[in-house]
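# Coordinate analysis (summary)
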Amino acid sequence: MLPEWLLPALVITALGLFAIGALRRILLWRAGRPEPVSLIAGLMAMPRRYLVDLHHVVARDKVMSNTHVATAGGFVLSMLLIIPVHVFGLDSRWLTIPLLAATVIMFTGAVFVYRRRRNPPARLSKGPWMRLPKSLLTFSVSFFLLTLLASDLLPENFGHWVLTGVLLIGVTLGLAELLFGMGWGGPMKHAFAGALHLAFHRRPERFGGGRSTGLKPVDLDGMLGVAKPSDFKWNQLLGFDACVQCGRCEAVCPAFAAGQPLNPKKLIQDMVVGLAGGSDAHYAGSPYPGRDVGQAQGNPHQPIVDGLVSAETLWSCTTCRACVEECPMMIEHVDAIVDMRRHLTLERGETPNKGAEVLDNLIATDNPGGYEPNSRMNWAADLALPLMADKQEAEVLFWVSDGCFDMRSQRILRAFVKILKAANVDFAVLGNEECDSGDVARRLGDDATFQTLARHNIATLSKYRFTRIVTTDPHAFHVLKNEYGDFGGHYDVMHHSTFINELVEQGRINLDRFKGGTVTYHDPCYLGRYNGEYESPRALLAALGIQVSEMERSGYRSRCCGGGGGAPITDIPGEHRIADMRVDDARKVEAETIAVACQQCTAMLEGVVEPRPEIRDLAELVADGLVVDATPASTATAGPSLAEEVH
Amino acid sequence: MWPDSDLKVASLVSNGQHPKSGRSRRASQDARAVELALKMTGRAARVIHVGTGHRDSGLGQYLGMGLPEITLLNADENADAVPVLVDHLKGTDLDIVLTGIHAEQGEASGMVPYLLAEHLGWPLVSHIADIQKVEGGKAEVLQALPRGQRRLLRVPLPFIATVDNAAAEARQYAFGAARRGKLVDEVIDAPVDQARLEWESHPAKPRPKRLHVAKAKSAADRFKAATAKPQGQGGSVLRDGTDLEKATAIMDLLISEGVVR
Ligand code: SF4
Ligand code: SF4
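Residues numbered from 1 in each chain as written. Chains lettered and ligands numbered in written order. Predicted model: local features only at pLDDT ≥ 70, side-chain atom pairs only at ≥ 80, totals over all residues. Heavy atoms only, no water.

## Looking at the overall build of chain B
- When helices and strands are tallied, chain B shows eight helices and eleven strands.
- Relative to the 2.2 N^0.38 estimate, which gives 18 Å for 261 residues, the radius of gyration of chain B is 20 Å and therefore close to what a compact globule would have.
- Taken over the C-alpha atoms alone, chain B extends approximately 55 × 50 × 40 Å along its principal axes.
- Expressed as a percentage of its 261 residues, the buried residues of chain B come to 38%.
- Summed over its atoms, the accessible surface of chain B is roughly 16100 Å², and 52% of this surface lies on carbon and sulfur atoms.
- The averaged location of the 32 negative side-chain charges in chain B is 11 Å from the averaged location of its 34 positive side-chain charges. (Helix = DSSP H or I, 4+ residues; strand = E, 2+ residues; numbered from the N terminus. Rg over C-alpha atoms; globule rule 2.2 N^0.38 Å. Buried < 20%, exposed > 50% of the residue type's maximum accessible area, 1.4 Å probe, protein only. Areas by Shrake-Rupley, 256 points an atom, 1.4 Å probe, with all protein chains shown as cover. Lys, Arg positive; Asp, Glu negative; His and termini not counted. Charge placed at Lys NZ, Arg CZ, Asp CG, Glu CD.)

## Some thoughts on the domain arrangement of chain A
Residues and elements named next belong to chain A.
- When cut into domains, chain A gives domain 1 (6–199), domain 2 (223–347) and domain 3 (372–647).
- Taking only C-alpha atoms into account, the centre of domain 1 sits 28 Å from that of domain 2.
- Every contact between the two is made by 29 residues of domain 1 and, on the other side, 35 residues of domain 2.
- When the buried surface of domain 1 facing domain 2 is broken down by residue, Arg33, Arg123 and His197 rank first, second and third, together holding 25% of it.
- Along the contact surface separating domain 1 from domain 2 lie five salt bridges.
- The interface formed by domain 1 and domain 2 includes 17 residue pairs in polar contact (both at pLDDT 80 or more).
- Within the residue set of the side of domain 1 that touches domain 2, elements represented by two or more residues are α1 (6–30), α2 (39–58) and α7 (189–199).
- Split by residue class, the side of domain 1 that touches domain 2 holds 13 nonpolar, six polar and ten charged. (Domains from an automatic or database assignment. Contact = heavy atoms within 4.5 Å. Buried area = accessible area lost by both parts, 1.4 Å probe. Salt bridge = Lys/Arg side-chain N within 4 Å of Asp/Glu carboxyl O. Polar contact = N/O pair within 3.5 Å; in protein donor to acceptor, adjacent residues only side chain to side chain. Nonpolar A, V, L, I, M, F, W, Y, C, P; charged D, E, K, R; others polar.)

## Quick look at the sheet that holds strand β5 (residues 465–471) of chain A
Residue and element names in this part refer to chain A.
- The strand order across the open sheet formed by four strands is β4-β3-β5-β6, and the pairing between neighbours is parallel. Two strands bound the open sheet, and with one partner strand each, they are β4 (427–429) and β6 (493–495). Across the sheet, the mean angle separating the axes of adjacent strands is 35° when strand polarity is ignored.
- Examined bridge by bridge, β5 and β6 share three bridges and lie parallel to one another. Directly across from Ile469, in β6, lies its bridge partner Val493.
- Along the sheet, helix α21 (residues 496–505) contacts β3 (393–399), β5 and β6; its crossing angle with β6, the most-contacted strand, is approximately 85°. (Pairing = 2+ DSSP bridges. Axes fitted to C-alpha atoms, helices over the stretch in contact; angles between N-to-C directions.)

## Things to note about the interface of chain B and chain A
- Counting from both sides, the interface comprises 13 residues of chain B and, opposite them, 23 residues of chain A.
- Taken over both partners, the interface formed by chain B and chain A buries close to 1400 Å², and the fraction arising from carbon and sulfur atoms is 46%.
- On the surface where chain B and chain A come into contact, there are three salt bridges.
- For Glu347 of chain A, the salt bridge is made with Arg180 of chain B, and the minimal N-O distance between the two is 2.9 Å.
- Among the elements that line the side of chain B that touches chain A, the one with the most residues is helix α5 (residues 175–180) of chain B, at five residues.
- Residues of the side of chain B that touches chain A, tallied by class, amount to four nonpolar, five polar and four charged.

## Here we look at α7 of chain A
Residues and elements named next belong to chain A.
- Of all eleven residues in α7, nine are buried; the element is thus mostly enclosed.
- Those residues of α7 lying buried are Lys189, His190, Phe192, Ala193, Gly194, Leu196, His197, Leu198 and Ala199.
- Where α7 is buried, its residues meet α1, α2, α3 (62–87), α6 (161–183), α8 (234–241) and α11 (264–276).

## Side note on the sheet that holds strand β7 (residues 519–521) of chain A
Residue and element names in this part refer to chain A.
- Reading across from one edge, β7-β8-β9 is the order of the three strands in this open sheet, with parallel pairing throughout. Either end of the sheet is taken by a strand with one partner, and the two such strands are β7 and β9 (614–617). Neighbour-to-neighbour, the strand axes of the sheet open up by a mean angle of 30°, direction not taken into account.
- Pairing of strand β8 (residues 593–596) with β9, which is carried by four bridges, proceeds in the parallel orientation. Within β9, the residue paired with Ala595 across the bridge is Arg616.
- Relative to β9, helix α26 (residues 618–625) is tilted by about 80°, and along the sheet it contacts β7, β8 and β9.

## A closer look at α2 of chain A
- For α2 of chain A, the principal kink sits at Arg49 of chain A and spans about 50°.
- Listing the buried residues of α2 of chain A in full gives Gly42, Met46, Arg49, Asp53, Leu54, His55, Val57 and Val58 of chain A. (Bend = angle between axes of the 7 residues up to and from the residue.)

## Re the site of ligand 1
- By nearness alone, every residue bordering ligand 1 is listed as Cys253, Pro254, Leu262, Cys317, Thr318, Thr319, Cys320, Arg321, Ala322, Cys323 and Val334 of chain A.
- Of the residues belonging to the shell around ligand 1, the class tally is eight nonpolar, two polar and one charged. (Near = heavy atom within 4 Å.)

## Some details on the domain arrangement of chain B
- What the domain assignment lists for chain B is domain 1 (9–197) and domain 2 (205–261).
- Centre-to-centre separation of domain 1 of chain B and domain 2 of chain B, based on C-alpha positions: 28 Å.

## Side note on the confidence of the model for chain A
- Averaged over every residue, the pLDDT of chain A is 92; the share at 70 or more is 96%.
- Ignoring residues within four places in sequence, the model shows residues 630–647 of chain A, a span with pLDDT below 50, making 15 contacts including any to other chains. (pLDDT = per-residue confidence, 0-100.)

## Quick look at the pairing of strand β4 (residues 46–51) of chain B
Residues and elements named next belong to chain B.
- For strand β1 (residues 9–12) and β4, the ladder comprises three bridges, and the chain directions are parallel. Bridge assignment links Leu12 to a residue of β4, and that residue is Ile48.
- With four bridges joining them, β4 and strand β5 (residues 69–74) adopt parallel strand pairing. Across the sheet, residue Gly51 finds its bridge partner in β5, namely Asn74.
- Running through helix α2 (residues 58–63), the crossover from β4 to the neighbouring parallel element β5 is right-handed. (Right-handed = clockwise from strand over helix to strand, strands pointing away.)

## With respect to the pattern of salt bridges
All names here are of chain A.
- Counting across every chain of the model gives 53 salt bridges over all chains.
- Salt-bridge contacts for Glu433 lead to Lys463; the nearest nitrogen and oxygen are separated by 2.5 Å. Of this pair, Glu433 sits in the loop between β4 and α18 (439–443) while Lys463 sits in the loop between α19 (447–461) and β5, and the two are 30 residues apart along the sequence.
- You can call Glu433 partly exposed: its relative accessible area is 21%.
- Among the residues examined, Lys463 registers a relative accessible area of 46% and is labelled partly exposed.

## Considering the UniProt feature "transmembrane region" (unreviewed entry) in chain A
Residue and element names in this part refer to chain A.
- Per the UniProt record, "transmembrane region" (unreviewed entry) is found at residues 6–23, 69–88, 94–114, 135–154 and 160–180.
- Helix makes up 95% of residues 69–88 and strand makes up 0%, while its end C-alpha atoms are separated by 28 Å.
- Across residues 94–114, the secondary structure splits into 100% helix and 0% strand, with the terminal C-alpha atoms separated by 31 Å. (UniProt positions renumbered as here; feature names shortened; annotations may be inferred.)

## Focus on the side chain of Asp339 of chain A
Residues and elements named next belong to chain A.
- Inspection of the secondary structure assignment puts Asp339 in helix α14 (residues 333–347).
- At 3.0 Å, the side chain of Asp339 forms a polar contact with the side chain of Gln236.
- Not counting chain neighbours up to four residues away, the residues in contact with Asp339 comprise Gly225, Val226, Phe232 and Gln236.

## A look at the site of ligand 2
- Neighbouring residues of ligand 2: Cys243, Val244, Gln245, Cys246, Gly247, Cys249, Lys265, Cys327, Pro328, Met329, Ile331 and His333 of chain A.
- Along the lines of polarity and charge, the residues of the shell around ligand 2 split into eight nonpolar, three polar and one charged.

## Points about the packing of helix α4 (residues 93–118) of chain A against helix α5 (residues 132–150) of chain A
Residue and element names in this part refer to chain A.
- Where α4 contacts α5, the two axes come as close as 8 Å, and the packing angle between them is 155°. Taken together, the axes of α4 and α5 are roughly antiparallel relative to one another. Judged by the sense of rotation from one axis to the other, the crossing of α4 with α5 is left-handed. Residues Thr96, Leu99, Leu100, Thr103, Val104, Met106, Phe107, Ala110, Val111, Val113, Tyr114 and Arg117 of α4 form the contact with α5, whose own contacting residues are Pro133, Lys134, Leu136, Leu137, Phe139, Ser140, Val141, Phe143, Phe144, Thr147 and Leu148.
- Of the residues assigned to the contact of α4 with α5, the class counts are 17 nonpolar, four polar and two charged. (Parallel < 35°, antiparallel > 145°, perpendicular 65-115°, else oblique. Left-handed = near helix turned anticlockwise from the far one by under 90°.)

## Some remarks on the UniProt feature "domain: Electron transfer flavoprotein alpha/beta-subunit N-terminal" (unreviewed entry) in chain B
- UniProt's entry tags residues 30–181 of chain B with the feature "domain: Electron transfer flavoprotein alpha/beta-subunit N-terminal" (unreviewed entry), counted in the numbering of this structure.
- As a span, residues 30–181 of chain B carries 28% helix and 31% strand, and end to end its C-alpha atoms are 18 Å apart.

Okay, here's the thing in structure tokens:
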């Protein structure tokens, strides 16, 4: 037999090396800016976040989810038992039999990992990740046999020293990957960093079924955006390190699919290169479309743009959050991208293409098009809309948004007014007092202009009494609902799809059946993924007698129209246009009409060359289907004023 | 070439006004003058403002273009900017002074550069699009003419130039840079503009524009008619002859028009 001390020594060495590596890694994260977290509460919450929240995402791929449970669970259990059995030499069947079982579970999981790696999909990284299943198998088999040999479960002298020697090599290899590699940046790093990332996540509200999508407020007297990796908060750096390179983000990213130079997985990996220092030469996944791998270089204190990533990469993002939604490690790509954009805009003054002009217009005229601020009501010159300034009080404040300047969006607005009037809703608008919500400015990185606009709007809103704000623009909806709170504006905000659906449910409007052909529904990112509203639009379509033919990517997996995050303004060229790809999705289900719930989506999808399905906003579909006579005549004045309104 | 660290270039800037909202901003031509100065001398570009400016006005936007500082010659609203500037410029060793063609608010007569040139005895070049190089005490200046034409002039230093809309557009201003830039106050003696005190001002009434009906046969003619700047009638073009002859011709014209008596 081999010396008794060899195996314990190996395990202890591996554990020691892991500890040193882990400390080193922690120091790398600590180079980031401070952000308070609750240490104990976070660590206590971690197992639940892992078992429930993370697996909720992983479980979208059932096989992979079970594989991971078996492999990871088996490994953690084995490690916990290896220490008493092999380090302290406790020789009890109560320990060895569970240890044997744990290694068998891990082995089973590893077999599935191995099988997936034989023909890996393009989104998976290769390189060291190809080695991982073999390491997992080696670890589990070696420890199984070694435990068996060392135990009293077999007849005396069954083991041969040659066999033991071979197994020890296996153990060494397994320990090297699973413990040493975990601390020193190998593929297993994800387990260690991922666990801590879950504990100290920057948006803890996301766990337990919650939602947290608003950008974090920026102190305009402090640092403006992220220039170098060490400008990120420490727990953002930790988050980047948790990436398993599964490429789920890459698979859903519309910019990547359009051949624009963005790949969210590569972006996160480049951030890891930045925080650890070095180059991306070892990256073994898909590149940024059209860019070679191996050029990126950086360290925590070197500027990111034009070292690690190019500015075009950052400006390609539509902030659609598809990547965040899909990421099993709950990494926040959009936060990171907007942080870096903020530096480019506020410090360097380098917002590409129309960006500078749009921001300039917002500063000078409170709207992105640079239109006369006093012409906000021109679209409704014939509608006699009640103004908040006159009424002071209304049940519903109708937030018109900048759609008022665009002829196509005006049709949506007019349709919505028709519905409001048909349902006798007590509403009013702000008119010329309304300003842009600040959404675009903020996604373009200009938090200064965003805050000016937000503060102005909040001051205006505080003058009036209303129960809720309703808007047809999901971007304004999101900003009013989720981002004004940090500046003192707390409102009950509703998107028009939710509001109209409520009117239907309350019987305040009656609808005819829709007479067109096949209809599909496109979920706007800022309504769906940002605010979780998938149901009301569909209920509303059902109320019109429409059976929605769902596109392959719908609901939380909806593909962006390409219009978010200022992407049409910064306009980074790719091989395809995102809007074309989205209309192709609709063509695949043979839709004749694409129902949308956003003026920006309308503009993007209608920009696709004909022949293509018709693009109609929910408000337009409902307005067309209104049964006016059946309106309960609760107030006598409702009838005639309606008759005038029909355009 | 650029930036040339030996060159001393200053831009005079005024507070602009947005045509639609009336909000204070950097004036578009002055900002182009700053852009040109930044191109020529980098962060050594000097920028001067006469008035009661503060950083929330257009001045902040000039600073946001990356200027370390703006020299602020403190003068109240009734002051006459010309003597203030003349005093200040006399005490400097500038090579080139750039201005816009006229301000976006206030008097906006466009006279400041001319009056400065007269008092300082420097040549003035109007409507420039670019300064290409400075060599041996002379600058090669590209002057913008109607319909996209350009004329290359060689001008001895020091001189004043007004920057046309044909010059390179001003770069984006950045909030961070504006926050860092300084307004360096200089207390000066600012005489009151006596003449202006007596004036009354009213908001301008938009006057209806007379449409020019072009009788054109082809699309090309219509395009020409639509884009042409009105050209003076009569006159003559002197290409040959000595400088003296050309100057005499101009002087004769000025006398006959009653500009010079
Ligand atoms: S937010 Fe959308 S566009 Fe941006 S990286 Fe993620 S998936 Fe891609
Ligand atoms: S960022 Fe998330 S989704 Fe993307 S590769 Fe990494 S772990 Fe997977």
